[in-house]
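Listed below, chain by chain, are the residues.
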Amino acid sequence: MKLLVRLPHYLRLFIAIFRMSRNPEDITQAFEMSDALDNLGLNERMLARLSSDPECLQVIKSRKRLKEIDLHALQKLPEGTFGRIFADHMLHNNLDPNYYRAPEIKRDIDYIVTRNRETHDFWHIVTGFDTSRVGEISIHGFMMAQLETPISSILAGGSLFTASLARPQHLTKIWNGITTGYTMGTKAKQLFATDWESLYATPLTEVRERLQLPQVS
């Protein structure tokens, strides 16, 4: 009976994986995967990992959300600051920082998923991983090390599988991206608890130093 109850969620997960393999830019499928994983109880490991860190647990219990981001206001900050570089990146790539779908927050894991979605683009800036396919997979390697999030494992494994079958010329780049991101994630300070809004006016080089991340040219 339990299998029959879980079956629709597995089906939803596999459909989302298939659709995203056909169109990696379809971010809505990542949301579908995340929701299915949650319904299957597979996000509990991520919850346990973050709850074991006192700073992360404090953020989780606070339920603190990001304020709506005004990219044009951030663009007025001095060049080289975290907020200015973030705004330039988002506007140049026509990305909306307020786009991500947020679930209703009733449980700790709801908040964790929401915060991960809200701050995902910040992680790209501080790690230096771009928004190309390899860059996205690299950030998921980083997130595997930091959060033990199942969706990152699925996306990384799926990218390797797809490349092996359809784009073998990209296999080495994808593998290197995953391993580079993972290694960086094991050495960096835990990013989940970062007070990003307080860092907007701080030089990006200093932000990376605080977070124990390598400088990227």
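This section reports on the structure supplied with the text.

The rules we used
Residues numbered from 1 in each chain as written. Predicted model: local features only at pLDDT ≥ 70, side-chain atom pairs only at ≥ 80, totals over all residues. Heavy atoms only, no water. Helix = DSSP H or I, 4+ residues; strand = E, 2+ residues; numbered from the N terminus. Buried < 20%, exposed > 50% of the residue type's maximum accessible area, 1.4 Å probe, protein only. Contact = heavy atoms within 4.5 Å. Areas by Shrake-Rupley, 256 points an atom, 1.4 Å probe, with all protein chains shown as cover. Lys, Arg positive; Asp, Glu negative; His and termini not counted. Charge placed at Lys NZ, Arg CZ, Asp CG, Glu CD. Salt bridge = Lys/Arg side-chain N within 4 Å of Asp/Glu carboxyl O. Bend = angle between axes of the 7 residues up to and from the residue. Core = buried A, V, L, I, M, F, W, Y, C linked by side-chain atoms within 4.5 Å. Arc of directions from axis to C-beta. Polar contact = N/O pair within 3.5 Å; in protein donor to acceptor, adjacent residues only side chain to side chain.

### Looking at the overall build of the protein chain
No. 1: Broken down by element type, the protein chain carries 11 helices and zero strands.
No. 2: Counting from the amino terminus, the protein chain carries its helices and strands in the arrangement α-α-α-α-α-α-α-α-α-α-α.
No. 3: Seen along its three principal axes, the alpha-carbon backbone of the protein chain occupies a region of about 55 × 45 × 30 Å.
No. 4: In the protein chain, buried positions account for 44% of the 217 residues.
No. 5: Expressed as a percentage of contacts within the protein chain between residues at least 6 apart in sequence, the contacts between residues at least 24 apart total 66%.
No. 6: In the structure as shown, the protein chain presents an accessible area of about 11600 Å², 56% of it carried by carbon and sulfur atoms.
No. 7: Here the protein chain contributes 26 positive and 25 negative side-chain charges, whose respective centroids are spaced 5 Å apart.

### Quick look at the pattern of salt bridges
No. 1: Counted under the stated rule, the structure contains 14 salt bridges.
No. 2: Among the salt bridges present, the one from Arg12 reaches Asp35, with a minimum N-O distance of 3.4 Å. Placement of Arg12 in helix α1 (residues 2-22) and of Asp35 in helix α2 (residues 27-39) is noted, with a sequence separation of 23 residues between them.
No. 3: With a relative accessible area of 28%, Arg12 lands in the partly exposed category.
No. 4: The class of Asp35 is partly exposed, set by a relative accessible area of 21%.

### Side note on helix α7 (residues 108-127)
No. 1: Along its length, α7 reaches its greatest deviation from straightness, about 50°, at Thr119.
No. 2: Of all 20 residues in α7, 20 are buried; the element is thus mostly enclosed.
No. 3: Two residues or fewer after α7 comes Gly128, characterised by a positive phi angle close to 85°.

### Some words on the nonpolar core
No. 1: Counting residues in hydrophobic clusters, the biggest one holds 39 residues, and the most contacted among them are Phe82, Phe122, Trp123, Val126 and Phe192.
No. 2: When residues of this core are traced back to their parent elements, those giving at least two are α3 (44-51), α4 (54-62), α5 (71-74), α6 (82-92), α7, α8 (133-147) and α11 (204-210).
No. 3: Here the element with the most residues in this core is α7; it accounts for eight residues.
No. 4: Val126 has contacts with Phe82, Leu191, Trp196, Leu204, Val207, Arg208, Leu211 and Leu213, leaving out every residue within four places of it along the chain.
No. 5: Among the nonpolar cores identified, the runner-up in size contains 10 residues, and Leu13, Met20, Leu37 and Leu40 belong to it.

### Notes on unusual backbone geometry
No. 1: The phi dihedral of Arg63 falls on the positive side, at around 60°, and the residue is not glycine.
No. 2: Its identity is not glycine, yet Asn94 carries a phi of approximately 55°, on the positive side.
No. 3: Along the chain, Asn94 turns up in the loop between α6 and α7.
No. 4: Residue class for Asn94 comes out exposed when judged on its relative accessible area of 71%.

### Some remarks on α4
Owing to its 3.6 residues per turn, the α-helix brings residues three or four apart onto one side.
No. 1: For α4, the set of buried residues is Cys56, Val59 and Ile60. Around the axis of α4, the buried residues are gathered within 100° of arc, so they sit on the same side. For α4, exposure combined with an orientation more than 90 degrees from the buried face picks out Pro54, Gln58 and Lys61.
No. 2: The inward-facing, buried residues of α4 contact α3 and α7.
No. 3: N-capping of α4 is provided by Asp53, with a side-chain oxygen placed 2.9 Å from the backbone N of Glu55.

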